[in-house]
Amino acid sequence: GIQVEQSPPDLILQEGANSTLRCNFSDSVNNLQWFHQNPWGQLINLFYIPSGTKQNGRLSATTVATERYSLLYISSSQTTDSGVYFCAVGPISNDYKLSFGAGTTVTVRA
Amino acid sequence: DVKVTQSSRYLVKRTGEKVFLECVQDMDHENMFWYRQDPGLGLRLIYFSYDVKMKEKGDIPEGYSVSREKKERFSLILESASTNQTSMYLCASSGHTTGVNQPQHFGDGTRLSIL
């Protein structure tokens, strides 16, 4: 199956800092989504972004499908941004089936 | 807003029991999914359904079955629960227009312990 690698595995930020999370994937995809899992375990969909760039408030994401990577940008981080960020991809052959990366654990300190 | 509701937040069962986990979505979504999440292994797809009475195996279907009799409801069944099925179970749903997938929306999860 398709391999998904996220980096870095852990990130500690001071409140107000900016950061970039990366997702590399091993095959062409028709479906790429970013999620945030908060400390209570709830998974929230941040972006559906198989290609191009999107922005939502302090978060933005860019996917370069031809080079098989996606980036998630967090600007002016807040303590509520803490949690685990997952990238998930679906291959062209069966794009319902998302494969998740291992996640990046972000801790934002006040 | 999409609402995906899982019937229990926490559940404790005994080995050998038949266990039902229920999931309901209120957005008329075609697709519904069951995942499990384990430390160090991430989220793994158990089963998904793209229509009523239709289902496909995910990556780890062994020991599980599913039922989708109505569009809004997707049930995960552990036929004979075992301790290695202790995990966090997450249900998700998504819409689907021709050729375009839609974002998946998750329920709050059920933390299942098998004793």
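It should be emphasised that the depicted structure is a prediction, and the values quoted were computed from it without experimental measurement.

Looking at this structure, I do not really get the sheet that holds strand β1 (residues 4–7) of chain A. What am I missing?
Adjacent strands of a sheet pair through backbone hydrogen bonds, lying either parallel or antiparallel. Residues and elements named next belong to chain A. Strands sit in the order β1-β3-β8-β7-β6 across an open sheet of five strands; the sheet is antiparallel. With one partner strand each, in any of the chains shown, β1 and β6 (52–56) form the two edges of the open sheet. Recorded for the sheet is a direction-independent mean angle of 15° between the axes of neighbouring strands. Alignment of strand β3 (residues 19–25) against strand β8 (residues 69–74), held across six bridges, turns out to be antiparallel. Its bridge partner being in β8, R22 is matched across the sheet by L71.

Sorry, what's going on with the environment of L45 of chain B here?
As for its placement among the helices and strands, L45 of chain B is situated in strand β5 (residues 42–51). Under the relative-accessibility criterion, L45 of chain B is labelled buried at 1%. Linking L45 of chain B and G58 of chain B, residues 13 residues apart in sequence, is a C-alpha distance of 5.0 Å. For L45 of chain B, the residues in contact, after removing those within four places along its chain, are K97 of chain A together with F33, W34, Y35, G58, D59 and I60 of chain B.

Please explain the interface of chain A and chain B as it appears in this structure.
Size of an interface, as often reported, equals the accessible area lost when the parts are brought together. Each partner contributes residues to the interface: chain A has 17 residues there, and chain B has 22 residues. On the surface where chain A and chain B come into contact, there are one salt bridge. D59 of chain B serves as the salt-bridge partner of K97 of chain A, at 3.9 Å between the closest nitrogen and oxygen. Summed over the shared surface of chain A and chain B, the result is five residue pairs in polar contact (both at pLDDT 80 or more). Mapped onto the side of chain A that touches chain B, the elements with two or more residues apiece are β4 (29–37) and β5 (43–48) of chain A. Broken down by element, the side of chain A that touches chain B gets its largest block of residues, four residues, from β4 of chain A. Its residues assigned to classes, the side of chain A that touches chain B shows eight nonpolar, seven polar and two charged.

Explain the sheet that holds strand β7 (residues 64–70) of chain B here, please?
Residues and elements named next belong to chain B. Taking strand neighbours across the sheet as the criterion, the four strands line up as β1-β3-β8-β7 in an open arrangement whose pairing is antiparallel. Two strands bound the open sheet, and with one partner strand each, they are β1 (4–6) and β7. Across the sheet, the axes of successive neighbouring strands diverge by a mean angle of 20°, strand direction being ignored. Note that β7 and strand β8 (residues 73–78) share five bridges and pair antiparallel. Note on β8: the bridge partner recorded for S65 is I77.

Would you mind showing me how to read the pattern of salt bridges here?
This structure, assessed with the given rule, holds seven salt bridges over all chains. Ionic pairing is found between R58 of chain A and D81 of chain A, a salt bridge with its closest N-O pair at 2.8 Å. Note that R58 of chain A is positioned in the loop between β6 and β7 (59–64) and D81 of chain A in the loop between β8 and β9 (83–91), a separation of 23 residues in sequence. Taking relative accessible area as the criterion, D81 of chain A reaches 7% and is therefore assigned buried. Where R44 of chain B meets D38 of chain B, a salt bridge forms, and the shortest distance between an N and an O atom there is 2.9 Å.

Conventions we followed
- Residues numbered from 1 in each chain as written.
- Chains lettered and ligands numbered in written order.
- Predicted model: local features only at pLDDT ≥ 70, side-chain atom pairs only at ≥ 80, totals over all residues.
- Heavy atoms only, no water.
- Pairing = 2+ DSSP bridges.
- Helix = DSSP H or I, 4+ residues; strand = E, 2+ residues; numbered from the N terminus.
- Axes fitted to C-alpha atoms, helices over the stretch in contact; angles between N-to-C directions.
- Buried < 20%, exposed > 50% of the residue type's maximum accessible area, 1.4 Å probe, protein only.
- Contact = heavy atoms within 4.5 Å.
- Salt bridge = Lys/Arg side-chain N within 4 Å of Asp/Glu carboxyl O.
- Polar contact = N/O pair within 3.5 Å; in protein donor to acceptor, adjacent residues only side chain to side chain.
- Nonpolar A, V, L, I, M, F, W, Y, C, P; charged D, E, K, R; others polar.

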